[in-house]
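Here is how the chains run, residue by residue.
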Amino acid sequence: MANVKVAVRVRPLNARESADGGKLAVQVDDKLVRIRNVKLDGRSEGAVDSREKLLEFCFDYCYWSVESADPHYASQEEVFQDLGVSVLAGASEGYNVCLFAYGQTGSGKTYTMMGTPESIGLTPRICQGLFCPEDSFSDGQNSSRVEISFLEIYNERVRDLLRGEQKKRTSLRVREHPEKGPYVEDLSQHMVTDCKQAIDLLEEGIANRMTAATHNHDTSSRSHAIFTIQYTQAILENNLPSETVSKINLVDLAGSERADPQYCRDRLTEGSNINKSLVTLGIVISALAQNSQMSSSCQSINSVASEGDSSTLGSHSSSLSGGAGGGRRLCFIPYRDSVLTWLLKDSLGGNSKTIMIATVSPSANSYNETLSTLRYAAHARNIVNKPRVNEDPNVRLIRELREEIDRLKSMLLSFELQRNPSPSLSDERDGNLSEMVLQNELKVEQLTKDWSESWRDKKELLERYSVDINRDRAGFLINSLQPHLVSLDRDVLSTGIVFYHLREGITRIGPHEQCEEPHIVVQGSSRCEIENHGGVVTLRPLPGCVCLLNDREVTEPCRLAQGTVITLGGAHKFRFNHPAEAAVLRERRRVSEGGSTCSYVDFCSVTPDDE
């Protein structure tokens, strides 16, 4: 059990608020936030309730970021040290973690989560923190894998922000797995190996996100954005493996704002959908907080009653259990009333450690919006989640077998200390236990060996060949950064895809019977050489072999272009891919008006080598 941690950050006054006089209605004192209704200051004490003038809220963290010259000023680094480090710590322990920012439009949510190039926010800093521990890994016993996805919820529709160049992004469907919970079908996942790749994906997604000008902000986010990091760790310590999978959800919510009839129809539709999802989020938070309070009060009453007689216990339990006698029942949680709350189901009351940061304006002109945000955050602080370590099932089996071995060994030791008067019975019992211990130890040894080899082989393969495997709709998209050949096998019984990376230098293709050992082995007399020199790839046909490029026979060295189909001896076909060249051609097609008319032959033209 773990309560949702809540932080509040007060942003600086903007130009409009400063021009209106710059009256401050918010004060921060350690973990207390006070908000004063300045409109009631001129009234007498008896005319209004003093509690309406000044309200206090207590939170886990409070940040005063109004004046940079203030000694209590909270910078981006200070916010990261409190919240970002907690996210990294939870992920390293194998828990799911969620950090989301809530507040009105222009209150500083995106600045806190994403930041600026001069002052980066929580999300880029968390990406940096994920890759920092890699330097401390020695002897290859610790390893990790990071996969990233980025989506937005715009007008109650889910869109992939990392899908690439699409004029009109398709909407994705939200599904719910019985064990893993809600997920987005066909959402692309990108494997990254360093911080730069993660930041590049983050910037690509931010550039594709929907923004628009509103009264409160010139570049207001008009969609909810969820940046998800799947962090897999593998540790082998004392010959005991450990593999955990943590999901980190970093959520930048769109800001609520009052509707203005002068807005165009699109802005009004956006605003209504944003407010709908945020209202649903508020209902979910209130219901979860109420249920948590009821559960805690029921537990406390039961613990007190257990010290007394059983009749008192029964009466108190029946009054809160919600039975047929008309007792209070737990509130229904309307997760599915909004796509946002459905996707955040695990983060709110489920298997996750959750942190909420509420951003507010200190201006007296924003009193109502700030008070609403603070009440929102106060409710969220009462939510109780049930996080658990996400452990690999095979690793859990190994651990349980180890525990069983230790238990059997202790039983065997106790039997040896308490010898049975009948030697034959004692020997038979000890032999059975010894046999069980031996069998379990052999199982653990084999499972540990298989797990270690599987993880090591996959990691070495991905690192050596710079392969990126991503989910793409119903299948997988395999990207490689190096020039390579893809085998086009004619055998209808072949079910795999074979990649041949073209190393720097010469790659020989041919049968085993060649004088020199070929790098790519093929049957028959088909043979040739492919040279990769600084990214320029050239094919050299060898005597006695018919070599076709795009169904045209070549007898002299030719430079290979992206997409060229190579046929050797009429039996073996390969497609040549050059990722760097393909990226240039894609960019050229995008910027040119007639790019859509580029044909396959244009990309695969055969160019004789000038040498």
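1. Some remarks on the environment of Gly 255
With respect to the helices and strands, the residue Gly 255 is situated in the loop between β16 (240-252) and α7 (265-306). The exposure class assigned to Gly 255 is buried, which follows from its relative accessible area of 5%. If we skip the residues at most four places from it in the chain, Gly 255 touches Gly 103, Gln 104, Thr 105, Lys 109, Ser 221, Ile 274 and Leu 278.

2. What to know about the pattern of salt bridges
Pairing is possible between side chains of opposite charge, provided their charged atoms come close. In total, this model carries 13 salt bridges according to the counting rule given. For Arg 11, the salt bridge identified is with Glu 17, shortest N-O distance 2.9 Å. As a salt-bridge pair, Glu 176 and Lys 345 come within 2.8 Å of each other at their nearest N and O atoms. Separated by 169 residues along the polypeptide, Glu 176 in strand β10 (residues 174-177) and Lys 345 in the loop between α9 (339-343) and β17 (353-360) bring together distant segments of the chain. Among the residues examined, Glu 176 registers a relative accessible area of 30% and is labelled partly exposed. Taken together, the shared-partner salt bridges connect Asp 29, Arg 34 and Glu 56 into one network.

3. Some points on the sheet that holds strand β31 (residues 572-577)
Strand order across the open sheet formed by six strands is β22-β21-β31-β30-β27-β28, with antiparallel pairing between neighbours. Two strands close off the open sheet at either side, each with one partner strand: β22 (499-501) and β28 (552-553). Bridge count between strand β27 (residues 547-549) and strand β30 (residues 565-568): three bridges; the pairing is antiparallel. Pairing of Cys 547 across the sheet is with Leu 568, part of β30.

4. A closer look at the pairing of β10
Bridging between β10 and strand β11 (residues 181-184) involves four bridges; their strand directions are antiparallel. In the strand pairing of β11, Glu 176 is matched with Pro 182.

5. Side note on unusual backbone geometry
Positive phi, close to 55°, is recorded for Asn 155, a residue that is not glycine. If you trace the backbone, Asn 155 turns up in the loop between β8 (142-154) and β9 (157-160). Given the relative accessible area of 24%, Asn 155 is considered partly exposed. Of note, Asn 550 is a non-glycine position whose phi angle comes to about 55°, a positive value. The topology assignment puts Asn 550 in the loop between β27 and β28.

6. Some remarks on the environment of Glu 556
Of note, Glu 556 is situated in the loop between β28 and β29 (558-559). According to the relative accessible area criterion, Glu 556 is exposed, its value standing at 54%. Sequence separation of Glu 556 and Leu 542 is 14 residues, and the distance between their C-alpha atoms is 9.1 Å. Not counting residues up to four positions away in its chain, the partners in contact with Glu 556 are Leu 539 and Pro 541.

7. Looking at the packing of helix α5 (residues 122-131) against helix α6 (residues 195-208)
Relative to each other, α5 and α6 sit at 155°, their axes nearing to 9 Å. Classified by the angle between their axes, α5 and α6 sit roughly antiparallel to one another. In this structure, α5 crosses over α6, and the sense of that crossing is right-handed. When α5 is examined against α6, the residues Thr 123, Pro 124, Cys 127, Gln 128 and Phe 131 are found in contact with a partner set consisting of Cys 195, Ala 198, Ile 199 and Leu 202.

8. Observations concerning the packing of aromatic side chains
Under the counting rule described, the total for this entry stands at five aromatic pairs. Considering the side-chain rings of Phe 57 and Phe 59, the 6.3 Å spacing of their centres and the 15° angle between planes classify their relative orientation as stacked. Ring geometry for Tyr 102 against Tyr 376: centres 4.1 Å apart, planes inclined by 15°, an arrangement best described as stacked. Of the two residues, Tyr 102 is situated in strand β7 (residues 97-102) and Tyr 376 in helix α10 (residues 367-380); the sequence distance between them amounts to 274 residues. There is no split in this pair, since Tyr 102 and Tyr 376 are both buried. The ring of Tyr 95 has Lys 353 sitting right over it, with the charged end atom 4.2 Å from the ring centre.

9. Topic: helix α3 (residues 76-92)
For α3, spanning 17 residues, the distance from its first C-alpha to its last is 22 Å, which sits close to the expected 24 Å at 1.5 Å a residue. By the largest-angle criterion, Asp 82 marks the main kink of α3, which is about 35°. Those residues of α3 lying buried are Gln 76, Val 79, Phe 80, Leu 83, Gly 84, Val 87, Leu 88, Gly 90 and Ala 91. Gly 94 sits one or two positions beyond α3 and adopts a positive phi of about 95°.

10. Considering the confidence of the model for the chain
Across the chain, pLDDT averages 77, with 69% of residues at or above 70. When the criterion is pLDDT under 50, residues 310-326 qualifies, and its contacts beyond four places in sequence or with other chains add up to 17 contacts. Within the model, the stretch residues 594-611 combines pLDDT values under 50 with 30 contacts to residues more than four positions away or in other chains.

The rules behind these values
- Residues numbered from 1 in each chain as written.
- Predicted model: local features only at pLDDT ≥ 70, side-chain atom pairs only at ≥ 80, totals over all residues.
- Heavy atoms only, no water.
- Helix = DSSP H or I, 4+ residues; strand = E, 2+ residues; numbered from the N terminus.
- Buried < 20%, exposed > 50% of the residue type's maximum accessible area, 1.4 Å probe, protein only.
- Contact = heavy atoms within 4.5 Å.
- Salt bridge = Lys/Arg side-chain N within 4 Å of Asp/Glu carboxyl O.
- Pairing = 2+ DSSP bridges.
- Axes fitted to C-alpha atoms, helices over the stretch in contact; angles between N-to-C directions.
- Parallel < 35°, antiparallel > 145°, perpendicular 65-115°, else oblique.
- Left-handed = near helix turned anticlockwise from the far one by under 90°.
- Phe/Tyr/Trp six-rings, centres within 6.5 Å; stacked < 30°, edge-to-face > 60°.
- Lys NZ or Arg CZ within 6 Å of the ring centre and 35° of its normal.
- Expected span 1.5 Å × (residues − 1).
- Bend = angle between axes of the 7 residues up to and from the residue.
- pLDDT = per-residue confidence, 0-100.

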